[in-house]
Amino acid sequence: MENDGEKVLASSTTINNEVFVTTYEPKVSSDPCLPPTGTSRLYHLSVLDGRAVRNYDGVGEASELTKPDRYVKLRTGGLPPTPQRMRVDDTNVVCVGTECQAIDAISGVVETYWYED
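Residues numbered from 1 in each chain as written. Predicted model: local features only at pLDDT ≥ 70, side-chain atom pairs only at ≥ 80, totals over all residues. Heavy atoms only, no water.

K.L.:
Can you help me understand the sheet that holds strand 5 (residues 84–88) in this one?
P.N.:
Consider a sheet: its strands pair through backbone hydrogen bonds, and that pairing is either parallel or antiparallel. The strand order across the open sheet formed by 3 strands is 5-6-7, and the pairing between neighbours is antiparallel. One side of each edge strand has no neighbouring strand; the edge strands of this open sheet are strand 5 and strand 7 (99–102). In this sheet, neighbouring strand axes are inclined to one another by 35 degrees on average, regardless of whether the strands run parallel or antiparallel. Inspection of the sheet shows strand 6 (residues 91–96) paired to strand 7 by 4 bridges, in the antiparallel sense. Among the inter-strand pairings, Val96 is bridged to a residue of strand 7, identified as Glu99. (Pairing = 2+ DSSP bridges. Helix = DSSP H or I, 4+ residues; strand = E, 2+ residues; numbered from the N terminus. Axes fitted to C-alpha atoms, helices over the stretch in contact; angles between N-to-C directions.)

K.L.:
Just checking my understanding: could you explain the nonpolar core for this structure?
P.N.:
Nonpolar side chains tend to gather and get buried jointly when the protein is soluble and globular. Counting 8 residues, the largest nonpolar core consists of Ile15, Phe20, Leu42, Leu74, Val94, Val96, Ile103 and Ile106. What Ile103 contacts, discounting residues up to four positions off in sequence, is Ile15, Phe20, Arg54, Asn92, Val93 and Val94. (Core = buried A, V, L, I, M, F, W, Y, C linked by side-chain atoms within 4.5 Å. Buried < 20%, exposed > 50% of the residue type's maximum accessible area, 1.4 Å probe, protein only. Contact = heavy atoms within 4.5 Å.)

K.L.:
It is not clear to me how the side chain of Glu99 should be interpreted in this structure. Could you clarify?
P.N.:
By the element assignment, Glu99 lies in strand 7. Side chain to side chain, Glu99 and Thr76 meet in a polar contact 2.7 Å long. Excluding residues within four positions of it along the chain, Glu99 makes contact with Leu74, Arg75, Thr76 and Val94. (Polar contact = N/O pair within 3.5 Å; in protein donor to acceptor, adjacent residues only side chain to side chain.)

K.L.:
What's the story with the environment of Pro26 in this structure? I'm lost.
P.N.:
Locating Pro26 in the fold gives a position in the loop between strand 2 (18–25) and strand 3 (39–46). In the structure, Pro26 is positioned 14 residues away from Ser40 in sequence and 8.7 Å away in space, judged by C-alpha atoms. Other than its neighbours up to four places away in sequence, Pro26 contacts Gly5, Lys7 and Gly38.

Have a look at this one:
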């Protein structure tokens, strides 16, 4: 984390040797009557070496990932929750609150469904 005061306040989620972790960077409010919202980010890193996995800043080629590609700013204000892996319409996604993004197919996972007789 290179931003002043940026903190990890929730658990991480690891899928396919990729770790998803949210952070929060508090901001000072210029109005004492309004609470500051700060900046929430979702980091998406390789567990093997911490490098970027996806081109989040949209600059350059997908094969030339840089430090700014390691995270995406979240629209959600305040403290972000733990990233959750879900399956929506046969697509694997990771969601942080209401913000979701598709991820590659998950390997080594057995889908289990419960039903009541």
